[in-house]
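Here's the letter readout for the chains.
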Amino acid sequence: MKRRDIQPIYAETYRRRKATKKFLFGIFLLVVVIALGFFVVRSHEKHELEKYPIRGVTINQTNGYIDFESLKSDGISFAYLKATQGATFTDDSFQSNFERSQGSQLPVGVYHYFSFSSSPTAQFKNFVRAVQDNTGSLPICIAIQYYGTYGENSLQWKTVRKDVASLSDRLRAYYKRPIVISATRSIIDHLHVQATGKRQFWPTDAQIGKPNGDATFIQVNQKEDFKMDKQIVFLPMSVFNGGKGKWHRYLN
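Every chain is numbered on its own, with residues counted from 1 as its sequence reads. Local features in this predicted model are restricted to residues of pLDDT 70 or higher, and side-chain atom pairs are both shown and tallied only at a pLDDT of 80 or more, whereas totals for entire chains, interfaces and linings draw on every residue. Values reported for side chains reflect all heavy atoms of the structure, with hydrogen atoms and water molecules removed beforehand.

(A) Highlighting helix α5 (residues 157-175). Helix and strand definitions follow DSSP, with helices as H or I runs of at least four residues and strands as E runs of at least two, each counted in order from the N terminus. In this analysis, the expected span of each helix is defined as 1.5 Å times one less than the number of residues it contains. Relative to the 27 Å expected for 19 residues at 1.5 Å per residue, α5 spans 27 Å between its end C-alpha atoms, a close match to the ideal helical length. Exposure classes here rest on a 1.4 Å probe applied to the protein chains alone. A residue is buried below 20% of its type maximum, exposed above 50%, and partly exposed in between. For α5, the set of buried residues is Trp157, Val160, Asp163, Val164, Leu167, Ser168, Leu171, Arg172 and Tyr175. Projected onto a plane normal to the axis of α5, the buried residues spread over an arc of 155° and lie on a single side. Opposite the packed face of α5, turned more than 90 degrees from it, sit the exposed residues Lys158 and Lys162. Whether two residues are in contact is decided by their heavy atoms, any of which lying within 4.5 Å being enough. On its buried face, α5 is in contact with β4 (108-113), α4 (120-131), β5 (140-143), β6 (179-183) and α6 (185-191). Here, the arc refers to the directions that run from the helix axis to the C-beta atoms.

(B) Geometry of the environment of Pro236. Structurally, Pro236 is set in strand β9 (residues 231-240). Judged by its relative accessible area of 18%, Pro236 is buried. For Pro236, the contacting residues outside a window of four places in its chain are Gly56, Val57, Thr58, Asn221 and Gln222.

(C) Quick peek at the pairing of β9. Of all 10 residues making up β9, seven are buried, and the element is well covered by its neighbours. Strands were regarded as paired on the criterion that DSSP finds at least two bridges between them. Where strand β1 (residues 55-59) lies against β9, three bridges are found, and the strand directions are antiparallel. Residue pairing across strands places Arg55 opposite Val239, the latter belonging to β9. Pairing between strand β8 (residues 217-228) and β9: nine bridges, direction antiparallel.

This is the structure we're talking about:
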């Protein structure tokens, strides 16, 4: 009788162990599949990225001290520095970043974050006051992103188009430089503008390796790591939409 009483307990324990082993094996297979999938995706991205040899980064005050010589040694070919945002904000590191960037001889540009709530005149004055003549050698960038309560369905796009055009025209006329608009494809489409030599596009959500004929730059990574002074700094990385020959012609 005792043997018959104990047997079901052993049998249940065996079944539980067997089920646990199957579960753990299933988890192991899932991890392997995910790892392989990640490896395949990363390999594909790396292969596609090799088609774009000219790579650059965007920098603002949250990134801390930036060694531009180190960036250049890591294969970075250009850098964009945040200067202003809206009608009053100025990036605290802009002047020091700009001054140090000049010693590296990296092509440098500056960018302004567009405000939906500030007039283009006020934003223009803020930019000129902060940047003065330190615009670098690349087109001036106007970065446009949704924020706060401002989204695709809450904006008055007719007004936004007018304000972006006004700010672009004033910056281009004052500095005699082209303007590049950095935004998602959706925002660019809402602006109802075409890419030209004086007004260029920098999509932030385009896929590399896909047709992006109207793009001058393409953002490819929000957090690319760079080693500086034994520390890792994460910077958004973009690429120039073309090869080295096209890049040299672009700079000239």
